[in-house]
Amino acid sequence: MIPLMKSAFLNELDTKDALVKFILKAKKLSMGEQVVAFEKEFAVFQGVKNATLVNSGGSANLAMLQALKNLGRLKDGDKIGFSALTWSTNVMPILQLGMQPVPIDCDQRTLNVMASNLKKRLNQTDLRAFFVTNALGFAGDLDVIRKVCNEAQIILIEDNCEALGTELPSGKTGNFGIMSSFSFFVAHHMSTVEGGMICTNDGEIDEMLRIVRANGWDRNLSAPKQHRWRKKYNINSEFEAKYTFYDLGYNIRPTEITGFLGRYQLKFLKENIAIRQRNYLLLESIVKDNPDLQTLDRSHISVLSNFAFPVLCKTPQLKCRYMKLFSNAGIETRPIIAGNIQRQPFYKKYILYSYELPDVDFVHDRGFYCGNYPELNKKDIKTLTDCLKRHEA
Ligand SMILES: Cc1ncc(COP(=O)(O)O)c(C=O)c1O
């Protein structure tokens, strides 16, 4: 059996052993110094000023939009563009926070929204923000997308939950917009079991994210920032300040266990990304020789931190045939993210208008994916390559 993921952690046994020792010694397990240290180390890895750790990638997405609303940069009813090939909790916060989701088609050749897709939608409607998803470790032409957004005064936010470590010549994915989310759920590039991060270079956003993360209070801000909030609202005693709630928030805090695991896993991340890329290139070389399958265009990507291996068949019939082959060989498969999000029940319940999304439909009807992770051994790779070779009906 080749499951979508074999283990919860990179260097699983070692990590579990270290975790047990950490828990036995730890004096405190609620959010504290491990969280702060992981945030600092992750910010260095990503090359950003600020990183805020939360309890999941979905929470990170929710917090990003809530922070923008609290700051008045987004308002009720604003139209928010999003990659139609995405995860549920990328879109749900747009609905939950009273804004209008506008799906943007992807390009089937890259699996991602390209600037041309965004421009097409902008010919039909204006947008206040674009919440792009960097799908499966690939990305669109984010440098051009950023330029389009800047010119049209659209706030660019990145869901980078599936593309930690991917690079374009112009920078790391996650660093093109004003902020970006990451997920550390098992099966992602690194795991803290559950966990997520938000990265930003914008100090005002970072401050608001820390308020949003913890009940709407100021406890996790620096002393000068706390002073500013308290002065603004005339809060004069520590007694009162501890239970003053300044803006809309949640409890989406991580624990010290999340922080510890994040720091421990971060050490293995670069090596993991390199193995994922190597596996991808090997499997891609087989796909290139199979006329039943479509090879993805990654020519604009300099480091491919592949999340999972997508198989795009030329027809829906071929998809059925190859999925059967994979299943018979014991390889677990699944749809590409959530497919065309417009076809999901939750979306249809709340949004009556639907857009034509030919390329996302193409991916939905002809695509599936299997796992790509460092624990794939030689035998697994052989099984995968055998299945990716051309098979007559
Ligand atoms: C693109 C994308 N965004 C957000 C998430 C949510 O992350 P989490 O499962 O940590 O909530 C996922 C989950 O896999 C995802 O693939």
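Source: prediction; values computed, not measured.

## Describing the sheet that holds strand E8 (residues 179-183)
Part 1: The 7 strands lie next to each other as E1-E9-E8-E5-E4-E2-E3, forming an open sheet whose pairing is mixed. Looking at the sheet topology across the chains shown, the edges are occupied by strand E1 (50-54) and strand E3 (100-104). Sheet twist, expressed as the mean angle between neighbouring strand axes with direction ignored, is 20 degrees.
Part 2: Sheet topology note: the strand E2 (residues 79-83)/strand E4 (residues 129-133) ladder contains 3 bridges and is parallel.

## Some points on the sheet that holds strand E11 (residues 308-313)
Within a sheet, each strand pairs with its neighbour through backbone hydrogen bonds, oriented either parallel or antiparallel.
Part 1: Spatial ordering of the open sheet is given by E10-E11-E12, a layout of 3 strands whose pairing is antiparallel. If you trace the sheet from one side to the other, it starts and ends with strand E10 (293-294) and strand E12 (367-371), each paired once.

## A word on the site of the ligand
Part 1: In the vicinity of the ligand, 14 residues are found, and the nearest of them are Gly57, Gly58, Asp159, Glu162 and Ser183.
Part 2: Note that an oxygen atom of the ligand is positioned 2.8 Å from one of the backbone N or O atoms of Gly58.
Part 3: The contact in question runs from an oxygen atom of the ligand to an N or O atom on the side chain of Ser183, over 2.7 Å.
Part 4: Here the ligand, which alone exposes 390 Å², has 90% of that area covered by the protein.
Part 5: At 3 residues, helix H3 (residues 57-70) tops the list of elements feeding residues into the shell around the ligand.
Part 6: Of the residues contributing to the shell around the ligand, the split by class is 3 nonpolar, 9 polar and 2 charged.

## A few points about the domain arrangement of the chain
Part 1: Each assigned domain of the chain is listed here: domain 1 (12-263) and domain 2 (269-388).
Part 2: Spacing between the C-alpha centres of domain 1 and domain 2 amounts to 26 Å.
Part 3: A combined buried area of about 3600 Å² lies between domain 1 and domain 2, and 69% of that area is made up of carbon and sulfur atoms.
Part 4: There are 0 salt bridges connecting domain 1 and domain 2.
Part 5: Applying the counting rule to domain 1 against domain 2 returns 16 residue pairs in polar contact (both at pLDDT 80 or more).
Part 6: Secondary structure elements with two or more residues in the side of domain 1 that touches domain 2: helix H4 (88-96), E3, helix H5 (115-124) and strand E6 (167-168).
Part 7: Of the residues belonging to the side of domain 1 that touches domain 2, the class tally is 25 nonpolar, 12 polar and 7 charged.

## A few points about the packing of aromatic side chains
Part 1: In total, this model carries 19 aromatic pairs according to the counting rule given.
Part 2: Consider the rings of Phe138 and Tyr280, whose centres lie 5.4 Å apart with planes at 75 degrees: the pair is edge-to-face. A residue pair is termed long-range when its members are at least 10 positions apart, and Phe138 in the loop between E4 and helix H6 (142-152) and Tyr280 in helix H10 (residues 256-288) qualify at 142 residues. Like Tyr280, Phe138 is buried.
Part 3: Look at Trp217 and Tyr243: their rings are 6.4 Å apart centre to centre, the planes differ by 85 degrees, and that puts the pair in the edge-to-face class. Here Tyr243 lies in the loop between helix H9 (238-241) and H10 and Trp217 lies in the loop between helix H7 (203-213) and helix H8 (223-232), a separation of 26 residues in the sequence.
Part 4: Of the aromatic side chains, those joined through ring pairs into one cluster are Phe38, Phe42, Phe45, Phe182 and Phe184.
Part 5: The lysine or arginine in question, Lys172, covers the ring of Phe45, its NZ or CZ lying 4.0 Å from the ring centre.
Part 6: The ring of Tyr243 has Arg219 lying over it, and the distance from NZ or CZ to the ring centre is 4.9 Å.

## Digging into the side chain of Glu256
Part 1: Tracing the backbone through its elements, the reader meets Glu256 in helix H10.
Part 2: No salt bridge is formed by the buried Glu256; the nearest opposite charge belongs to Lys28, separated by 6.5 Å.
Part 3: A distance of 2.8 Å separates a polar atom in the side chain of Glu256 from the backbone nitrogen of Gly32.

## Re the environment of Lys225
Part 1: Within the element layout of this structure, Lys225 appears in helix H8.
Part 2: Each C-alpha atom of the pair Lys225 and Met190 lies 32 Å from the other, and the pair is 35 residues apart in sequence.

## Considering the pattern of salt bridges
Part 1: A full pass over the atoms with the stated rule returns 23 salt bridges.
Part 2: One salt bridge connects Lys6 with Asp380, and the closest N-O pair in it is separated by 2.5 Å. In this pair, Lys6 is assigned in the segment before helix H1 (12-25) and Asp380 in helix H14 (residues 378-388), connecting sequence segments 374 residues apart.
Part 3: Asp386 serves as the salt-bridge partner of Lys389, at 3.7 Å between the closest nitrogen and oxygen.
Part 4: For Asp386, a relative accessible area of 29% translates into the label partly exposed.
Part 5: Connected via shared salt-bridge partners are Glu39, Asp206, Arg210 and Arg213.

## Observations concerning unusual backbone geometry
Part 1: The backbone of Gln153 shows a phi angle near 55 degrees, a positive value even though the residue is not glycine.
Part 2: The residue Ala187 is not glycine, and still its phi comes out positive at about 85 degrees.
Part 3: By the element assignment, Ala187 lies in the loop between E8 and strand E9 (196-200).
Part 4: Judged by relative accessible area, which is 26%, Ala187 ranks as partly exposed.

Here is what the cut-offs are and how they apply
- Residues numbered from 1 in each chain as written.
- Predicted model: local features only at pLDDT ≥ 70, side-chain atom pairs only at ≥ 80, totals over all residues.
- Heavy atoms only, no water.
- Pairing = 2+ DSSP bridges.
- Helix = DSSP H or I, 4+ residues; strand = E, 2+ residues; numbered from the N terminus.
- Axes fitted to C-alpha atoms, helices over the stretch in contact; angles between N-to-C directions.
- Near = heavy atom within 4 Å.
- Polar contact = N/O pair within 3.5 Å; in protein donor to acceptor, adjacent residues only side chain to side chain.
- Areas by Shrake-Rupley, 256 points an atom, 1.4 Å probe, with all protein chains shown as cover.
- Nonpolar A, V, L, I, M, F, W, Y, C, P; charged D, E, K, R; others polar.
- Domains from an automatic or database assignment.
- Buried area = accessible area lost by both parts, 1.4 Å probe.
- Salt bridge = Lys/Arg side-chain N within 4 Å of Asp/Glu carboxyl O.
- Phe/Tyr/Trp six-rings, centres within 6.5 Å; stacked < 30°, edge-to-face > 60°.
- Buried < 20%, exposed > 50% of the residue type's maximum accessible area, 1.4 Å probe, protein only.
- Lys NZ or Arg CZ within 6 Å of the ring centre and 35° of its normal.
- Lys, Arg positive; Asp, Glu negative; His and termini not counted.

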